[in-house]
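Examining the three-dimensional arrangement
Next come the chains, spelled out residue by residue.
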Amino acid sequence: MKRSTPGSSGPFLRRIAILPERVDPGRYPFNIPAFGDGLDLELRSNVTFFVGENGSGKSTLLEAVAKCCGFNPEGGGRDHHFHGRTDSSDLAGALRLSWQPKVADGFFMRAESFYNFATYLDQVSTHERYGGLSLHEQSHGESFLALFANRFDRGIYVLDEPEAALSPQRQLSFLKIIHDLEAGGRAQFMIASHSPILLAYPGATLLSLDGGPIHEVRYKDTDHYTLTKGFLDSPERYLKHLFAGDEPGDA
């Protein structure tokens, strides 16, 4: 649930809605359960996390939002033009975004295509806005942090599993970057994540795509928190049941 952060202003992007007349209920991605009853999300905080199991629609939604913002669906900002996948969904064409005020700058980061983005930068950029060093000349985690620390400023940042290459310590460093940017109202973050460390960010709204329409959920009610805590409290019990063929949740 959202917890207020003193001194922060509201988000730039205030609402995400699906236009019913542009929906084909029997066709992907509109047949994903999270979108089955349409979509009308009010964004009330500068940091929103989208949580859910693999295949619940998190990446599909964030990619569509990024396309509506004018960002490259493969990753990058408005001024990055490279192509990889050609199978993006039709969700962006059915979305309506409401802004107050609208911002032009920002970035779409998707962990799965970050290598392609780094290769593109080597071809067209001096890397000045990325710490002055090729992202390929750093470790995976270092390159992620170089992007976050140097490229992010005022704008909206749509991030798909940014924790993928980050150690727990580096995830804490990333939380500090988020705080420094959003606390003064300079940036808004929309993040799909499986990380219980990132999801603990104070003041964030957590939206779950599990179990039907998208709904708000408390941090300690997420599977990410309960399963991780349960495992760390008693890894032997979880592993015993897992290797015996039982579901981990039965531990």
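Residues numbered from 1 in each chain as written. Predicted model: local features only at pLDDT ≥ 70, side-chain atom pairs only at ≥ 80, totals over all residues. Heavy atoms only, no water.

A word on the sheet that holds strand β3 (residues 47–51)
Here is the rule we go by: When DSSP locates at least two bridges between a pair of strands, those strands are taken to pair. Numbering goes from the N terminus for both helices and strands, where a helix is a DSSP run of H or I of at least four residues and a strand is a run of E of at least two. Contact between two residues is taken to exist if any of their heavy atoms lie within 4.5 Å; hydrogens are not considered. Axes here mean lines fitted to C-alpha atoms, for a helix over just the part in contact, with angles spanning 0 to 180 degrees between N-to-C directions.
With mixed pairing, the six strands of this open sheet are ordered in space as β5-β6-β7-β3-β8-β9. A strand with exactly one partner marks an edge of an open sheet, and here the two such strands are β5 (106–110) and β9 (215–216). Bridge count for strand β8 (residues 205–208) against β9 is two bridges, and the pairing is antiparallel. Within β9, the residue paired with serine 208 across the bridge is histidine 215. Its contacts with the sheet place helix α3 (residues 140–151) against β5 and β6 (155–160), and it is angled at close to 170° to β5.

Focus on the packing of α3 against helix α4 (residues 168–182)
Think of two packed helices as two axes; the pair is described by the angle between the axes and how far apart they sit. Quick note on the threshold: Each angle gets one of four labels, with under 35 degrees taken as roughly parallel, over 145 as roughly antiparallel, 65 to 115 as roughly perpendicular, and the rest as oblique. Crossings are classed by handedness, with left-handed meaning an anticlockwise turn of the near helix from the far one by less than a right angle and right-handed meaning a clockwise turn. Only Asp, Glu, Lys and Arg are considered charged, only Ala, Val, Leu, Ile, Met, Phe, Trp, Tyr, Cys and Pro nonpolar, and every remaining residue, Gly among them, polar.
Contact geometry of α3 with α4 gives a least axis separation of 10 Å together with a crossing angle of 10°. On the basis of the axis angle, α3 is roughly parallel to α4. The two elements α3 and α4 meet at a crossing, and its hand is left-handed. From α3, Leu145, Phe148 and Ala149 reach across to α4, where they touch Arg170, Ser173, Phe174 and Ile177. Among the residues making up the contact of α3 with α4, the classes are represented as five nonpolar, one polar and one charged.

Examining the confidence of the model for the protein
The condition is simple: Known as pLDDT, the predictor's confidence for each residue is given on a scale from 0 to 100.
In the predicted model, the protein carries a mean pLDDT of 87, and 90% of its residues have values of at least 70. The low-confidence segment residues 1–8 (pLDDT under 50) makes 22 contacts with residues lying over four places distant or belonging to another chain.

A look at the packing of aromatic side chains
How we decide: Only centres within 6.5 Å qualify two rings of Phe, Tyr or Trp (six-membered ring in Trp) as a pair; their planes then separate them into stacked at under 30 degrees, edge-to-face at over 60, and tilted for everything else. Relative accessibility thresholds used throughout: buried, under 20% of the residue-type maximum; exposed, over 50%; partly exposed, between the two (1.4 Å probe, protein chains only).
Applying the stated rule across the entire model yields nine aromatic pairs. Measuring from ring centre to ring centre gives 5.4 Å for phenylalanine 148 and phenylalanine 152, while their planes differ by 50°; the resulting arrangement is tilted. Centre to centre, the rings of phenylalanine 152 and tyrosine 157 are 4.2 Å apart; their planes meet at 25°, and the pair counts as stacked. For the pair phenylalanine 152 and tyrosine 157, one class covers both residues: buried. Members of the aromatic cluster, connected to one another through ring pairs, are Phe107, Phe144, Phe148, Phe152, Tyr157, Phe174 and Phe189.

So, the pairing of strand β1 (residues 13–18)
Where β1 meets strand β4 (residues 95–99), five bridges bridge the pair, whose relative direction is antiparallel. Residue pairing across strands places isoleucine 18 opposite leucine 95, the latter belonging to β4.

A few points about the pairing of β6
We count it as follows: The handedness rule is simple: strands pointing away from the viewer, and a clockwise path from the first strand over the helix to the second, make the crossover right-handed.
The buried count for β6 comes to six of six residues, which makes it a mostly enclosed element. Relative to β6, β5 runs parallel, the two sharing five bridges. Along β6, the bridge assignment pairs methionine 109 with leucine 159. After leaving β6, the chain enters α4 and then returns to the sheet as strand β7 (residues 187–192), a path that is right-handed.

Digging into the pattern of salt bridges
Rules: Definition used for salt bridges: Asp or Glu carboxyl oxygen within 4 Å of a side-chain nitrogen of Lys or Arg.
Within this structure, the stated rule accounts for 10 salt bridges. Among the salt bridges present, the one from aspartate 180 reaches lysine 176, with a minimum N-O distance of 2.8 Å. Of the two residues, aspartate 180 and lysine 176 both sit in helix α4, four residues apart, roughly one turn of that helix. A salt bridge links arginine 218 to aspartate 221; its shortest N-O distance comes to 3.7 Å. Via salt bridges that share partners, Asp24, Arg27 and Asp90 belong to a single interconnected network.

Digging into the sheet that holds β1
Taken together, the three strands give an open sheet; going across it, the order is β2-β1-β4, and neighbouring strands pair in antiparallel fashion. Whereas interior strands pair on both sides, the edge strands pair on one side only; in this sheet they are β2 (40–42) and β4. Each strand axis lies, on average, 15° off the axis of its neighbour in the sheet, ignoring direction. Of the pairings in the sheet, the one linking β1 to β2 comprises three bridges and is antiparallel in character. The residue of β2 that forms the bridge with arginine 15 is glutamate 42. Strands β1, β2 and β4 of the sheet are contacted by helix α1 (residues 58–68), whose axis makes an angle of about 65° with β4.

A word on α1
In terms of burial, α1 is largely enclosed, as eight of its 11 residues are buried. Of all the positions in α1, only Lys58, Thr60, Leu61, Leu62, Glu63, Ala64, Val65 and Ala66 are classed as buried. Phi for glycine 70, located one or two positions after α1, is positive at around 90°.

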